[in-house]
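# Examination of the molecular architecture
Here's the letter readout for the chains.
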Amino acid sequence: MSENHPKRRFDISARVVADETVVLDLGAAQIHQLNATASFIWNRCDGHCTVGEIAEKLAESFDVDYETARQAVRTTLHRFDELGLLDSARQ
Amino acid sequence: MRCAEPATYTLVAAAYGEMQDDASTIDLDYTVGQNGADAAFYIARPGQKALTARDDGTFLALFDKDIAIELQKLRRDLYFVHAAVLTRGEAVMLVAKPGGGKSTLTWALLHHGFGFLSDELAPVDLDTLEVHPYPRTLALKREPPGSYPLPRRTVVTSRTLHVRSVPGSVVKGPTPLGALVFLNYDPDATGPKIRPLTAAEAGARLYANALNPLAHAGNGLDGAVRITAAHPCYELVSADLSATCALLARTLEPSE
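Below, the structure is looked at part by part. Fair warning: this is a prediction, and the values are worked out from it, not measured in the lab.

Helix-helix packing is characterised by the crossing angle of the two axes and by the distance between the axes. All names here are of chain A. Running from N to C, helix 1 (residues 36–43) and helix 3 (residues 66–82) point in directions that differ by 80 degrees, and their axes come no closer than 10 Å. With respect to their mutual orientation, helix 1 and helix 3 come out roughly perpendicular. Contacts from Thr37, Ala38 and Ile41 of helix 1 reach helix 3 at Ala72, Val73, Thr76 and Leu77. Here the contact of helix 1 with helix 3 is composed, by residue class, of 5 nonpolar, 2 polar and no charged.

Quick look at the structure:
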């Protein structure tokens, strides 16, 4: 996973419901449910925020230390990547 | 529907008799029957190539599939879900994979005060969140456990058992949705279990069972989320049928 600017694929639909997110990848015929933490990270995969910035915001919002947040962000982004949800050209 | 010979008429009446109506307008025009030569069943509609089936079970399965598709074309405004629907005041949608025990549990729940809205198709009005009835006869793939025997009038085909009279009431009008239950059958479960689902998890599961999501806004994602966000949703792991019914009935009791 690159340290750069993760970005959601533009052709993926997502809807937020009560802090969680439903992500529809029609191209892959898959639908995913993101928990609150993954939703927080997903929403910041905008191609502008760096991994470090997302981790900082996560640490602040979820009241965890930066290293824990950074590890959670990296693990989650890795999973997004495995699922093909990120725009690989921007990672 | 036109059907000239009695054997096919009996079969169709067994499966769709509850839908019989003296409608003044015709939305779908079917002619069904059996060919004399090879006794194959046929399903014909004006302007369409006739479908044929070698036996009664295949005939009803083909007819089921065809009518489900045509209804989705006729009522694109409705959000069709592959699910059974029972009523207990409000509608309870039972969603499961094919072969997941949906019809068997439906049959059992009808002995526990639930009414019958559908065994197969749940057309939801996304504006009112009401479920429309689809009272095709309850069709089981196999005999239910002994504590829920089938009535004598059950029609047996090569694939299915069609229950012509159910113990609960058959609801014939749109009914407000009250809850969604996603059914999992676990042969190794020692007892039934139920847990609430978040709207997001239920939304993802509901979408996976939607039949015409692409006819709706946001490729159907908006509809799935609207339905699950507005109602309690559960995952039910079924086991012993009586215990599963009792657990579900208790869960759906209105809280004081």
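Okay, the interface of chain B and chain A next. Tallying the contact residues gives 14 residues for chain B and 12 residues for chain A. Looking at the side of chain B that touches chain A, the elements that each hand over two or more residues are helix 4 (199–208) and helix 5 (221–229) of chain B. Here the side of chain B that touches chain A takes 7 residues from helix 4 of chain B, the largest share from any one element. Residue composition of the side of chain B that touches chain A, by class: 8 nonpolar, 4 polar and 2 charged.

Glancing now at the sheet that holds strand 11 (residues 138–140) of chain B. Sheet strands pair via backbone hydrogen bonds, and the direction of the pair is either parallel or antiparallel. All names here are of chain B. The antiparallel open sheet is built from 3 strands, whose spatial order is 11-13-12. Each of the sheet's edge strands pairs with one partner strand only, and the pair in question is strand 11 and strand 12 (155–156). Where strand 11 and strand 13 (residues 161–163) come together, 3 bridges link them in antiparallel fashion. The residue bridging alanine 139 from the neighbouring strand is histidine 162, located in strand 13. Docked against the sheet, helix 3 (residues 102–109) engages strand 11 and strand 13, running at close to 125 degrees with respect to strand 11.

The rules behind each value
Residues numbered from 1 in each chain as written. Chains lettered and ligands numbered in written order. Predicted model: local features only at pLDDT ≥ 70, side-chain atom pairs only at ≥ 80, totals over all residues. Axes fitted to C-alpha atoms, helices over the stretch in contact; angles between N-to-C directions. Helix = DSSP H or I, 4+ residues; strand = E, 2+ residues; numbered from the N terminus. Parallel < 35°, antiparallel > 145°, perpendicular 65-115°, else oblique. Contact = placed C-beta atoms within 7 Å. Nonpolar A, V, L, I, M, F, W, Y, C, P; charged D, E, K, R; others polar. Pairing = 2+ DSSP bridges.

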